[in-house]
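Results of the structural survey
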Amino acid sequence: MPSLRESTPESPAPVRAVANAVAQWIDRLGAVWVEGQIAQVTRRPGVGTVFMTLRDTVADISVTLTCQRSLFDSLNPPLVEGASVVVHARPSFYANRGSFSLAARDIRMVGLGELLARLERRRQLLAAEGLFAAELKRDLPFLPGVVGLVTAPGSAAERDILDNARRRWPSVRFDVVHAAMQGPRCAAEVMDALDRLERRPEVDVVVVARGGGSVEDLLPFSDEALVRAVHAMRTPLVSAIGHEQDQPLLDLVADVRASTPTDAAKLVVPDMAEELRGVTWARDRLRQLVVQRVAREQELLDQLRARPAMADPRVLLDARWSEVAELRDRARRCLSQRIDRAADDVGHHRARARALSPLETLRRGYAVLQDADGHVVTSVSALATGAPVSVRVADGRVHATTTTIEPLDANGSQTAAAQTGHQEDGDD
Amino acid sequence: MTDKTVRDEEGQPLGYEAAREELIDVVRRLEAGGSTLEESLALWERGEQLARVCQDWLDGARKRLDDVIGEQPE
């Protein structure tokens with residue numbers, strides 16, 4: 001293969017030649033034991049190689065680490081991010097893409113990695129025993145009698161929990177038991193504290209609280225004995241250890257995990273002000289609804305009563321009354337008409353009667369001559385001198401005796417007889 | 001408190017809703033007219049009775065409310 005050193009602008013070497021040359025040179029480096037921290041693990045199903053980032057424990061340098069999936073899977077406990085490891089790897093250069101990586105043949109945990117590995121093994125063991133079973137989790141009491149608190153003396157965690165709890169519920173009662181929250185004595189002291197609190201029946205809930213710390217600091221809170229002790233506890237336990245992302249085994253066995261001490265205070269103690277607001281709101285809402293209902297019904301009733309038919313039945317009667325009145329008036333009218341007509345009729349008859357009645361005639365100076373028997377004399381022949389007669393005049397009757405009779409002819413002049421007769425009277 | 005004398009056909013003391021329903025019916029028939037004078041009077045009297053029953057129920061309710069609300073000063 002022509003040496004690349006003689007390459008000139010006129011006869012340049014192809015990329016593949018350069019890449020291959022570099023690859024061969026790197027291959028000659030051979031394998032090496034490297035120490036570092038696993039930063040990133042990318043294990044895709046179906047891909048034979050697992051890609052990781054191996055970071056220097058001190059400097060900010062990292063390199064891609066690859067290994068066969070079978071090797072990766074065989075690691076027990078499994079490789080977790082953050083584990084510090086010692087790797088027997090061979091630097092290799094992937095010509096196609098010109099990427100450099102360490103090809104691992106053997107990976108061993110170390111230090112923290114070993115630590116975490118051991119923790120992981122213990123977690124799996126205890127989990128298998130069912131210590132972390134979800135159904136074992138107990139509910140926290142809504143209003144605890146006494147809140148047991150295991151924490152380091154004068155720690156920020158202690159202050160946080162006490163302040164927050166008291167603000168939420170001023171009459172909360174605490175039983176604080178101090179214990180070392182770090183170092184070899186920690187697990188044992190926490191267990192003693194828990195035991196003491198467990199023996200006090202009025203303690204309804206226990207909180208174990210500690211601020212953030214390194215993995216080593218928090219290791220005691222994954223101590224198997226402690227976890228088993230907590231598992232055996234009767235009182236519900238709240239674990240408030242470290243920061244959000246820390247998860248010692250205590251978190252798994254506790255009934256409730258609080259991410260921070262303040263969060264723990266919220267979990268164990270209700271916020272009285274809020275509860276009160278809730279109750280007041282509910283009561284007010286209740287009253288408002290009922291009052292509104294009664295008001296609405298009252299309004300409806302008032303409307304019904306206001307209806308003319310109910311409010312003023314006279315309206316009804318008036319209608320009837322006007323009807324009756326109208327009928328009465330009609331009756332009257334037609335009656336009076338009848339009366340008037342009757343009156344006219346009578347008047348008419350009376351007039352005629354009056355016209356026919358002799359009274360007027362008498363008034364006009366006529367008189368009616370009646371003989372002794374009361375018959376009306378219509379002819380002189382009916383009488384004889386000396387016959388008693390009565391004469392009916394308008395206003396009375398005159399009784400007389402016929403002295404002389406003087407027949408007249410139709411038009412009123414003396415008839416012959418009368419004249420003759422006249423002389424006869426004279427002779428008697 | 002509630003006028004128990006007003007009874008429905010079966011002789012049960014009239015509940016509020018029943019009284020209100022009948023009252024609405026009475027008013028409707030009165031306004032429709034067409035009943036004899038005697039019937040209208042009877043209807044009207046029944047209406048008054050029903051209205052009093054409803055009012056009694058509402059007064060009772062309001063009193064019970066005031067008792068409760070009155071007790072705890074706001």
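Our subject is the structure listed above.
Because the structure is a prediction, the values reported are computed rather than measured.

When helices and strands are counted, chain B shows two helices and zero strands. The proportion of buried residues among the 74 residues of chain B is 35%. Pairs at least 24 apart in sequence give 66% of the contacts found in chain B among residues at least 6 apart. Surface summary for chain B: the accessible area is close to 4500 Å², and the carbon and sulfur share equals 55%.

The next subject is the pattern of salt bridges. Here the idea is simple: oppositely charged side chains can pair when their charged atoms come close. All told, the structure shown has 25 salt bridges over all chains when counted by the stated rule. A salt bridge links R200(A) to D175(A); the shortest N-O distance between them is 2.4 Å. Placement of the pair is R200(A) in the loop between α5 (186-199) and β8 (203-210) and D175(A) in strand β7 (residues 173-178), with a sequence separation of 25 residues. A relative accessible area of 31% means that R200(A) is categorised as partly exposed. One salt bridge connects E22(B) with R46(B), and the closest N-O pair in it is separated by 2.6 Å. Here E22(B) is found in helix α1 (residues 16-32), whereas its partner R46(B) is found in helix α2 (residues 37-71), with 24 residues between them in sequence. What emerges from the salt-bridge pattern is a single network uniting R293(A), E297(A), E17(B) and R20(B).

So, on to the interface of chain A and chain B. Many analyses report the size of an interface as the accessible area lost when the parts associate. Of the residues lining the interface, 22 residues belong to chain A; the matching set on chain B comes to 28 residues. Both sides together, the interface formed by chain A and chain B hides about 2200 Å², and carbon and sulfur atoms give 64% of it. Where chain A packs against chain B, one counts three salt bridges. A salt bridge links R293(A) to E17(B); the nearest nitrogen and oxygen atoms lie 3.9 Å apart. The interface formed by chain A and chain B contains six residue pairs in polar contact (both at pLDDT 80 or more). At the level of secondary structure, the elements contributing two or more residues to the side of chain A that touches chain B comprise α10 (272-306), α11 (308-311) and α12 (314-356) of chain A. The element best represented in the side of chain A that touches chain B is α10(A), accounting for 14 residues.

A word on the environment of M272(A). Within the element layout of this structure, M272(A) appears in helix α10. The spatial distance from the C-alpha of M272(A) to the C-alpha of R168(A) is 5.7 Å, given a sequence separation of 104 residues.

Our focus in this paragraph is the side chain of D371(A). Residues and elements named next belong to chain A. Looking at where D371 falls in the secondary structure, it is placed in strand β11 (residues 368-371). Put simply, D371 is tucked away with no salt bridge, and the nearest opposite charge, on R397, sits 10 Å away. Within the structure, the side chain of D371 is placed 2.8 Å from the backbone nitrogen of D373, a separation counted as a polar contact. Among the polar contacts made by the side chain of D371, one reaches the main-chain amide nitrogen of H375 at a distance of 2.7 Å. The contacts of D371, once residues within four sequence positions are left out, are V377, L383 and P388.

To describe two helices that pack against each other, one gives the angle between their axes and the distance between the axes. Residues and elements named next belong to chain A. The geometry of helix α4 (residues 156-168) relative to helix α9 (residues 261-268) is characterised by a closest axis approach of 8 Å and an angle of 35° between their N-to-C directions. Where α4 crosses over α9, the two elements pack in a sense that is right-handed. Mapping the contact onto sequence places A157, D160, I161, N164, A165 and R168 in α4 and P261, T262, A264, A265 and K266 in α9. Each residue belonging to the contact of α4 with α9 can be placed in one class, and the counts come to six nonpolar, two polar and three charged.

Now for the nonpolar core. Residue and element names in this part refer to chain A. One finds V150, V190, L194, V208, F221, L237 and L250 to be the most contacted residues of the largest nonpolar core, which totals 31 residues. Elements with a minimum of two residues in this core: α3 (112-129), β6 (146-151), α5, β8, α7 (224-232), β9 (237-241) and α8 (249-253). The element that contributes the greatest number of residues to this core is α5, accounting for five residues. With near-sequence residues (within four places) excluded, L250 lies in contact with V208, F221, L226, V227, V230, L237, S239 and I241.

In this section: α5(A). All names here are of chain A. Along its 14 residues, α5 runs 20 Å from first to last C-alpha, staying within 8% of the 20 Å computed at 1.5 Å per residue. Along α5, the residues classified as buried are C186, A187, V190, A193, L194, L197 and E198. Projected down its long axis, α5 carries its buried residues within an arc of 135°, all on one side. Against β6, β7, β8, α7 and β9 lie the buried residues of α5.

Now for the pairing of β9(A). Each regular strand carries side chains that alternate between the two faces of the sheet. All names here are of chain A. With five of five residues buried, β9 lies mostly within the body of the structure. Burial along β9 is two-sided: L237, S239 and I241 and V238 and A240, pointing in opposite directions, are all buried. Taken together, the five bridges between β8 and β9 define a ladder with parallel strand orientation. Directly across from V206, in β9, lies its bridge partner L237. In terms of strand pairing, β9 meets strand β10 (residues 256-257) through two bridges, oriented parallel. Bridge assignment links V238 to a residue of β10, and that residue is V256.

Calculation rules
Residues numbered from 1 in each chain as written. Chains lettered and ligands numbered in written order. Predicted model: local features only at pLDDT ≥ 70, side-chain atom pairs only at ≥ 80, totals over all residues. Heavy atoms only, no water. Helix = DSSP H or I, 4+ residues; strand = E, 2+ residues; numbered from the N terminus. Buried < 20%, exposed > 50% of the residue type's maximum accessible area, 1.4 Å probe, protein only. Contact = heavy atoms within 4.5 Å. Areas by Shrake-Rupley, 256 points an atom, 1.4 Å probe, with all protein chains shown as cover. Salt bridge = Lys/Arg side-chain N within 4 Å of Asp/Glu carboxyl O. Buried area = accessible area lost by both parts, 1.4 Å probe. Polar contact = N/O pair within 3.5 Å; in protein donor to acceptor, adjacent residues only side chain to side chain. Lys, Arg positive; Asp, Glu negative; His and termini not counted. Axes fitted to C-alpha atoms, helices over the stretch in contact; angles between N-to-C directions. Left-handed = near helix turned anticlockwise from the far one by under 90°. Nonpolar A, V, L, I, M, F, W, Y, C, P; charged D, E, K, R; others polar. Core = buried A, V, L, I, M, F, W, Y, C linked by side-chain atoms within 4.5 Å. Expected span 1.5 Å × (residues − 1). Arc of directions from axis to C-beta. Pairing = 2+ DSSP bridges.

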